[in-house]
Amino acid sequence: MHLSIDTVLPADSVEFCPHPDASNILVCGTYKLEDQQGSHEKLHSPDSNSPTSAPASQFRRGQCLVFEVDSEQDISVTKAQEISLPAILDLKWCHTTPSRQPLLAVADAEGCVNLFEWELEQKQLRSAGPLRVAPSQVLCLSLDWSNRRVPTSVAGSLVVSLSDGNLVLLEPDQTGQFAIMNAWAAHSHEPWCVAWNYWDANVIYSGGDDLRLKVWDIRQGFEQPIITNKRFDAGVTSIQSHPNIEHLIAVGSYDSTVRLFDARKPLTPLIQADVGGGAWRVKWHPSPSRVQDLLVAAMHDGFKIVSFHDIGCNLGSPSNENAENWEIRKRHDEHKSLAYGVDWSHQCWQAQSGQTLIASASFYDHALHLWRG
């Protein structure tokens, strides 16, 4: 049982708002490459149609779609807003306390991070200004907030990955205005993902088409990473620090494998799970009662919930490769195209079945689905 919404433009990213007064708000980002011939493009293609090599005659447009979701019984959705922007590749909410309004960051295809505040009374996004982090021909590929484990009354720091291989660190001043603190060459090919260690805001992870997972410590400068994992056979596409288990990170790759690492030893995986398709997005369940569950957008093989066994106990030592230490708890194969965006709802209540509301987005069929798992 699911609800399907036509996003009109290809959909690639979704996020539920974590703010307790706006947990029913869902945002979806879309991406369309257009030219006079009407050609289209995959986000991930490494060939001549890749995001970094579009001819000047082509342009990328997108929308940030905002929905109000009611899922106490049957799932129903109302579109609250539609904001036209350059094509969107990623978007994430800053985790803020109830004392301040929700803050959204949107990575676009023309070198900007767009900030929006959700106005609780008016129930709409208000622009807090675009942040120019790169020339307009450079795409912002991914971004992450430093405070997505413990909500704060002030905005967290932002890190952004760019299609030219660079990473950019932005921090807010006392007035809440963001400024670029550092920008550095991180990868020789597109860094598809960048993420904070949610337990240590000095540590940043990045991964890309150079088959590298890199660890950066902002206290030690950016001339070189403190650790580089070169043991990948395909590009690194997604990274997320576990919000409820310290030292645990999930890393997705084009090779259809999700690897769990102890962040203190990020060279040898603790567990490797074959998820059937390139793991474009990985999202840990936000609840401490479901620390074992990871949502995966597996590109050509749909969406799934992967459940890992005893992960809190396995830190420090890789498990037996033959052990039954993970399973696919649920699949969602109703999408007809590339599985790109996925997220869990943060609403404090769950359905009577104990399941959580999930949003998933797929590309060429421009579809947004809401389902439970």
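Quick note: structure is the one above.
Here's a quick rundown of the structure. Here the structure is a predicted model, which is why all the values come from computation and not from measurement.

### A closer look at the overall build of the protein chain
Reasoning step 1: A tally of helices and strands in the protein chain yields 0 helices and 29 strands.
Reasoning step 2: The globule rule puts the C-alpha radius of gyration for 373 residues at 21 Å, and the 19 Å found for the protein chain is close to it.
Reasoning step 3: In terms of overall dimensions, the protein chain has C-alpha extents of about 50 × 50 × 45 Å along its principal axes.
Reasoning step 4: Looking at the protein chain as a whole, 59% of its 373 residues qualify as buried.
Reasoning step 5: In the protein chain, 54% of the contacts between residues at least 6 apart in sequence involve partners at least 24 apart.
Reasoning step 6: When the accessible surface of the protein chain is split by element, carbon and sulfur atoms take 45% of a total near 15,000 Å².
Reasoning step 7: Of the charged side chains in the protein chain, 29 are positive and 44 negative; the average position of the first set lies 2 Å away from that of the second.

### Some points on the sheet that holds strand β11 (residues 140-145)
In a beta sheet, neighbouring strands are held together by backbone hydrogen bonds and run either parallel or antiparallel to one another.
Reasoning step 1: Across the sheet, which stays open at both edges, the 4 strands sit in the order β11-β12-β13-β14 with antiparallel pairing between neighbours. Where the open sheet ends on each side, the last strands, each with one partner, are β11 and β14 (178-185). Taking the axes of each pair of neighbouring strands and ignoring which way they run, one obtains an average angle of 20 degrees across the sheet.
Reasoning step 2: Two elements, strand β12 (residues 158-162) and strand β13 (residues 166-172), share 4 bridges in a ladder whose sense is antiparallel. For Ser161, the partnering residue across the bridge sits in β13 and is Leu167.

### Let's talk about the pattern of salt bridges
Reasoning step 1: This model, assessed by the stated rule, comprises 21 salt bridges.
Reasoning step 2: For the salt bridge of Asp90 with Lys92, the shortest nitrogen-to-oxygen distance reads 2.8 Å. Lys92 shares its class with Asp90; the two are buried.
Reasoning step 3: Counted as one network, the salt bridges with shared partners bring together Glu15, Asp144, Arg148, Lys283 and Asp343.

### Description of the environment of Asp164
Reasoning step 1: Structurally, Asp164 can be placed in the loop between β12 and β13.
Reasoning step 2: As for Asp164 and Leu143, which are separated by 21 residues in sequence, their C-alpha atoms are 15 Å apart.
Reasoning step 3: Side-chain polar atoms of Asp164 contact the backbone nitrogen of Asn166, separated by 3.1 Å.

### A short note on the state of the cysteines
Reasoning step 1: One pass over the structure, following the stated rule, counts 0 disulfides.
Reasoning step 2: Just so you know, Cys112 is unpaired, no disulfide at all, and the nearest cysteine sulfur is the one on Cys140, 6.9 Å from it.
Reasoning step 3: Among the residues examined, Cys112 registers a relative accessible area of 9% and is labelled buried.
Reasoning step 4: In this structure Cys140 comes out as buried when scored by relative accessible area, which is 0%.

### Digging into the sheet that holds strand β15 (residues 193-197)
Reasoning step 1: Strand order in the open sheet made by the 4 strands is β15-β16-β17-β18, with antiparallel pairing throughout. In this open sheet, the two strands that pair with only one neighbour each are β15 and β18 (227-229). Put simply, the sheet's adjacent strands are angled 20 degrees from each other on average, direction ignored.
Reasoning step 2: As paired elements, β15 and strand β16 (residues 200-207) share 5 bridges and run antiparallel to each other. Directly across from Trp196, in β16, lies its bridge partner Ile204.

### A closer look at unusual backbone geometry
Reasoning step 1: Non-glycine residue Lys123 carries a positive phi angle of around 55 degrees.
Reasoning step 2: Residue placement: Lys123 occurs in the loop between β9 (112-119) and β10 (124-132).
Reasoning step 3: The backbone phi angle of Met299 is positive, close to 50 degrees, even though this residue is not glycine.
Reasoning step 4: Relative to the elements of secondary structure, Met299 occurs in the loop between β24 (293-297) and β25 (303-308).
Reasoning step 5: Take Met299: its relative accessible area is 3%, and that puts it in the buried class.

### Topic: the packing of aromatic side chains
Reasoning step 1: Summed over the entire model, instances satisfying the criterion amount to 11 aromatic pairs.
Reasoning step 2: Here Trp184 and Phe222 contribute two aromatic rings whose centre-to-centre distance is 3.8 Å and whose plane-to-plane angle is 20 degrees, an arrangement assigned as stacked. With Trp184 in strand β14 and Phe222 in the loop between β17 (213-217) and β18, the pair connects residues that are 38 residues apart, well separated along the chain. Here the two residues Trp184 and Phe222 agree in accessibility, since each one is buried.
Reasoning step 3: Residues Phe363 and Tyr364 carry aromatic rings whose centres are separated by 5.1 Å and whose planes lie at 70 degrees to one another, so their mutual orientation is edge-to-face.
Reasoning step 4: Pairwise contacts between aromatic rings join Tyr31, Trp192, Tyr254, Trp280, Tyr340, Phe363 and Tyr364 into one cluster.
Reasoning step 5: If you follow Arg149 out to its NZ or CZ, it ends over the ring of Trp199, 3.8 Å from the centre.

### A word on the side chain of Thr97
Reasoning step 1: With respect to the helices, strands and loops of the structure, Thr97 is situated in the loop between β7 (88-94) and β8 (103-108).
Reasoning step 2: In terms of polar contacts, Thr97 uses its side chain to reach the side chain of Ser99, at 2.9 Å.
Reasoning step 3: Not counting residues within four places of it along the chain, the set of residues in contact with Thr97 comprises His19, Pro151, Thr152 and Ser153.

Conventions we followed
- Residues numbered from 1 in each chain as written.
- Predicted model: local features only at pLDDT ≥ 70, side-chain atom pairs only at ≥ 80, totals over all residues.
- Heavy atoms only, no water.
- Helix = DSSP H or I, 4+ residues; strand = E, 2+ residues; numbered from the N terminus.
- Rg over C-alpha atoms; globule rule 2.2 N^0.38 Å.
- Buried < 20%, exposed > 50% of the residue type's maximum accessible area, 1.4 Å probe, protein only.
- Contact = heavy atoms within 4.5 Å.
- Areas by Shrake-Rupley, 256 points an atom, 1.4 Å probe, with all protein chains shown as cover.
- Lys, Arg positive; Asp, Glu negative; His and termini not counted.
- Charge placed at Lys NZ, Arg CZ, Asp CG, Glu CD.
- Pairing = 2+ DSSP bridges.
- Axes fitted to C-alpha atoms, helices over the stretch in contact; angles between N-to-C directions.
- Salt bridge = Lys/Arg side-chain N within 4 Å of Asp/Glu carboxyl O.
- Polar contact = N/O pair within 3.5 Å; in protein donor to acceptor, adjacent residues only side chain to side chain.
- Disulfide = S-S within 2.5 Å.
- Phe/Tyr/Trp six-rings, centres within 6.5 Å; stacked < 30°, edge-to-face > 60°.
- Lys NZ or Arg CZ within 6 Å of the ring centre and 35° of its normal.

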